[in-house]
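Structural overview for review
Each chain is listed here by its residues.
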Amino acid sequence: MPERNARKQLHVNLFEMNCVGHISHGLWVHPDNNRHRFNDIEFWTELAKLLEYGAFDAVFLADVIGAYDGFLGGPQTALREAVQIPNNDPLLLIPAMATVTSGLGFAATFSLTYEPPFAFARRMSTLDHLTKGRVAWNVVTSYLPNAARNFSLADEIDHDHRYEIADEYMDVCYKLWEGSWDDDAVIQDREHRVYTDPAKVRYINHEGTYYRVAGPHLSQPSPQRTPVIYQAGSSDAGRAFGGKHAEAVFIGGQDLASVRAYIEGYRAQAAAQGRDPSHIKFMAGAAVITGKSDEEVSRKVETFTRLRSVDGHLAHSGAGLDWTRYPADTRVGDIIARKEPGYQRLIRQYQHTPALTVGEILQRTAGFNRGPFYVAGTPKVVADAIETWLDEGGIDGINLRQFLTPGTAEDFIELVVPELRRRGRYREGYADGETLRERLFGAGHARLLPDHPGTRYRDPAQLRAADAATVRVPGVAS
């Protein structure tokens, strides 16, 4: 591993989704927003070229496989406000963006709860080949009830049970990616008419609690073999899963002190799994509004605040209560005391904060100008904040939230990146031919680092282990 630079450089992903409205709900109506073009391939290739020019680490593609229908009893608000619907498959964007770039990475969200691992493993190997090792997988287990109903289930699988399933899913993928083919299996011997040496490819014969997969993997080894593993779970089970599997973690927090404590706790989870704690990068979701003058910044903040959709944010949050019908000074405790519709959920959700007012809840739900990773200011103000995030918060990078496409990325690249470069906090460009994992962990680390649990399947003997005898418990290494 390379020595740590005293001035940590910022990793930056653009937080994206193959839809109109991602997380800045209501701003699709802004005249400078191009979100309505998300169905056009040119929208994505133009964006990819812009991010490549700005030397972003990657475009981070979020995804959901259900509709937000928990607000007002149905999906009508989500549909009207374009709250992640309509949305399209994120994986299909990657080859197009890879074609017009050579350095930009692609982190794609895929839920492992509802689709089996064999086909997905081949899909990711294909993308790793086509991008020459520039892909990552953001591992999610899905959380929308509507998603469960879309895949023939009456309701969601229990939260911790999803992580038990996920742990075995990862094992199947590692066996396919890391163990099914030897590095030198493909020999392309024209003289003897042998493309692949059969002795160097093997079945995985996985027989576990949830999956039975024979193999062999259908794709030959790709540059990274296993894509970079992203994860964002903050529950006990989610942190245990991430401490075992994740190479990059998407985080948030109330303040920088709690963020640093969270990171330290997460690293302890990794150490408990036998991993080097430094082998996980932490990326915070960040909202950055910048301009060439204070007046320009103020105009942008005012416009974004005025155009945001409170209903859209309520639908996204899964609010079971229409907060907008109450006066702003109404207390949560009063709503509970009156036993108004949805009050049982309020008891669970706000049991320790009955003094919260409706106005405060709406500000929390729809406000973008809160939390430790929000900054609005000229480039020097933004760069100062980012240096504080890196040094005091202990993060390694950000997922940059968008208010306008392509305006948010353009502002960051034109105004903030030069200032960060002057301070030694941002790369000058990409290293030729580097994989996404090498960008995170240094040259020569294209594949999983040696202490990662997925590497054990490089030993063919591990493929013959009795998986069915393994009891999987959230938080316990298998």
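Residues numbered from 1 in each chain as written. Predicted model: local features only at pLDDT ≥ 70, side-chain atom pairs only at ≥ 80, totals over all residues. Heavy atoms only, no water.

1. Describing the overall build of the protein
Each helix and strand counted, the protein has 16 helices and 13 strands in total. In terms of overall dimensions, the protein has a C-alpha envelope of 80 × 50 × 40 Å along the principal axes. Taking all 478 residues of the protein together, 55% fall into the buried category. The positive charge centre, built from 53 side chains, and the negative charge centre, built from 61, are 1 Å apart in the protein. (Helix = DSSP H or I, 4+ residues; strand = E, 2+ residues; numbered from the N terminus. Buried < 20%, exposed > 50% of the residue type's maximum accessible area, 1.4 Å probe, protein only. Lys, Arg positive; Asp, Glu negative; His and termini not counted. Charge placed at Lys NZ, Arg CZ, Asp CG, Glu CD.)

2. Some thoughts on the packing of aromatic side chains
What describes a pair of aromatic rings is the distance from one ring centre to the other and the angle between the planes of the rings. Counted by the stated rule, this structure contains 20 aromatic pairs. Ring centres 4.9 Å apart and planes at 5 degrees place the aromatic pair Tyr-114 and Phe-151 in the stacked group. Note that Tyr-114 is positioned in the loop between strand S3 (105-111) and helix H4 (117-130) and Phe-151 in the loop between helix H5 (145-150) and helix H6 (159-179), a separation of 37 residues in sequence. For Tyr-114, a relative accessible area of 13% gives the class buried. Aromatic pair Trp-137 and Tyr-169: ring centres 6.2 Å apart, planes at 55 degrees, arrangement tilted. One end of the pair, Trp-137, is in strand S4 (residues 135-140); the other, Tyr-169, is in helix H6, and 32 residues separate them in sequence. The pair Trp-137 / Tyr-169 is uniform in exposure class, with both members buried. By the ring-pair criterion, three or more aromatic residues cluster together here, those being Phe-110, Phe-120, Trp-137, Tyr-169, Trp-177 and Tyr-211. (Phe/Tyr/Trp six-rings, centres within 6.5 Å; stacked < 30°, edge-to-face > 60°.)

3. Considerations on the nonpolar core
Counting 83 residues, the largest nonpolar core has Phe-56, Trp-137, Trp-389, Ile-395 and Phe-412 as its most contacted members. Take this core: its biggest share by element is ten residues, from H6. Once residues within four sequence positions are removed from consideration, Phe-56 is found in contact with Val-12, Asn-13, Leu-14, Leu-51, Leu-104, Leu-400, Phe-412, Ile-413, Tyr-426, Arg-427, Tyr-430 and Arg-439. By size, the runner-up hydrophobic cluster in this structure holds 25 residues, among which are Tyr-114, Tyr-230, Leu-440 and Leu-449. (Core = buried A, V, L, I, M, F, W, Y, C linked by side-chain atoms within 4.5 Å. Contact = heavy atoms within 4.5 Å.)

4. A closer look at the pairing of strand S11 (residues 281-290)
Of all ten residues making up S11, nine are buried, and the element is well covered by its neighbours. Pairing of strand S10 (residues 248-251) with S11 involves four bridges; the strand directions are parallel. Bridging across to S11, Phe-250 finds its partner in Met-283. Assessed by its sense of winding, the connection that carries the chain from S10 through helix H8 (residues 256-272) to S11 is right-handed. (Pairing = 2+ DSSP bridges. Right-handed = clockwise from strand over helix to strand, strands pointing away.)

5. Description of the confidence of the model for the protein
Across the protein, the average pLDDT comes to 91, with 93% of residues at or above 70. Predicted confidence is poor over residues 1-5, with pLDDT under 50, and the contacts of this stretch with residues over four places away or in other chains come to seven contacts. Below a pLDDT of 50 lies the segment residues 466-478, which in the model reaches 26 contacts outside its immediate sequence neighbourhood of four places, other chains included. (pLDDT = per-residue confidence, 0-100.)

6. Details of the packing of helix H10 (residues 310-317) against helix H13 (residues 358-366)
Between two packed helices, the angle of one axis relative to the other and the distance separating the axes together describe the packing. With their axes 9 Å apart at the nearest point, H10 and H13 run at an angle of 80 degrees to one another. Accordingly, the angle class assigned to the pair H10 and H13 is roughly perpendicular. Across from Val-310, His-313, Leu-314 and Ser-317 in H10, the residues of H13 making contact are Leu-362, Thr-365 and Ala-366. (Axes fitted to C-alpha atoms, helices over the stretch in contact; angles between N-to-C directions. Parallel < 35°, antiparallel > 145°, perpendicular 65-115°, else oblique.)

7. Quick notes on the pattern of salt bridges
Tallying each qualifying case throughout the model produces 32 salt bridges. For Arg-7, the salt bridge is made with Glu-387, and the minimal N-O distance between the two is 2.8 Å. In this pair, Arg-7 is assigned in the segment before strand S1 (11-17) and Glu-387 in helix H14 (residues 379-393), connecting sequence segments 380 residues apart. For the salt bridge of Asp-384 with Arg-423, the shortest nitrogen-to-oxygen distance reads 2.6 Å. Of this pair, Asp-384 sits in helix H14 while Arg-423 is found in the loop between helix H15 (407-422) and helix H16 (436-441), placing the two residues 39 residues apart along the sequence. Here Arg-423 falls in the buried class, since its relative accessible area comes to 16%. In the salt-bridge network here, residues are joined through shared partners; they are Arg-7, Asp-384, Glu-387, Asp-391, Glu-419, Arg-422, Arg-423 and Arg-425. (Salt bridge = Lys/Arg side-chain N within 4 Å of Asp/Glu carboxyl O.)

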